[in-house]
Amino acid sequence: MFVKGAVDADTAAWLRAEHAIYARYRASFIPELLAWRDDGVAPWLAIEDLSEASWPPPWSQARIEAVLAALVEVAGASGF
């Protein structure tokens, strides 16, 4: 899991906005929301850890096709 925590009013506002996206949408291109806590001052959220994912380069044909498929899914998502 990857945890983000607010350290001031700006980062608290950013995390609340980010949480609103994770809470509203589910798609293969969005990390899974694992936990959320907002005490009104310093919220934090935990999302799926993607550090074990494969991050190109190098770009193989399979990776290029996966990215293109994800872009089609993003384009078809409503409300983003």
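To start, this report covers the structure provided alongside it. Since this is a predicted model, take the numbers as computed values, not measurements.

Calculation criteria
Residues numbered from 1 in each chain as written. Predicted model: local features only at pLDDT ≥ 70, side-chain atom pairs only at ≥ 80, totals over all residues. Heavy atoms only, no water. Patch = residues over 30% accessible without salt bridge, like charges linked within 9 Å, V, L, I, M, F, W, Y side chains within 5 Å. Areas by Shrake-Rupley, 256 points an atom, 1.4 Å probe, with all protein chains shown as cover. Salt bridge = Lys/Arg side-chain N within 4 Å of Asp/Glu carboxyl O. Lys, Arg positive; Asp, Glu negative; His and termini not counted. Charge placed at Lys NZ, Arg CZ, Asp CG, Glu CD. Helix = DSSP H or I, 4+ residues; strand = E, 2+ residues; numbered from the N terminus. Buried < 20%, exposed > 50% of the residue type's maximum accessible area, 1.4 Å probe, protein only. Core = buried A, V, L, I, M, F, W, Y, C linked by side-chain atoms within 4.5 Å. Contact = heavy atoms within 4.5 Å. 1 Å grid on protein atoms, 1.4 Å probe; cavity = no way out; pocket = protein on both sides within 12 Å on 5 of 7 lines; lining within 4 Å. Points joined across faces, edges and corners; volume = space filled by probe spheres on them. Nonpolar A, V, L, I, M, F, W, Y, C, P; charged D, E, K, R; others polar.

Some points on a negative patch on the surface
There is a patch of like negative charges on the surface, built from E32, E48, D49 and E52. Assignment of secondary structure puts E52 in the loop between β3 (44–47) and α2 (61–76). Take E52: its relative accessible area is 75%, and that puts it in the exposed class.

Section: the nonpolar core
Counting eight residues, the largest nonpolar core is built from A6, A12, L15, Y22, Y25, I30, L45 and I47. If you list the elements that add at least two residues to this core, you get α1 (9–24) and β3. Considering every element that reaches this core, the biggest residue donor is α1, with three residues. Not counting chain neighbours up to four residues away, the residues in contact with L15 comprise K4, G5, A6, W36, P43, W44 and L45.

Structural notes on the side chain of E18
In this fold, E18 is placed in helix α1. By relative accessible area, E18 is classed as buried at 19%. When sequence neighbours within four positions are dropped, the list of residues in contact with E18 reads K4 and L45.

Description of the layout of surface pockets
Within this model, the largest pocket holds a volume of roughly 360 Å³. Lining the largest pocket are 14 residues; nearest its centre among them are S54, W55, P56, A66 and V67. Of the residues assigned to the lining of the largest pocket, the class counts are 11 nonpolar, two polar and one charged.

With respect to a nonpolar patch on the surface
A cluster of nonpolar side chains, W59, I64, V67, L68 and L71, forms an exposed patch at the surface whose accessible area comes to about 470 Å². Along the chain, L71 turns up in helix α2.

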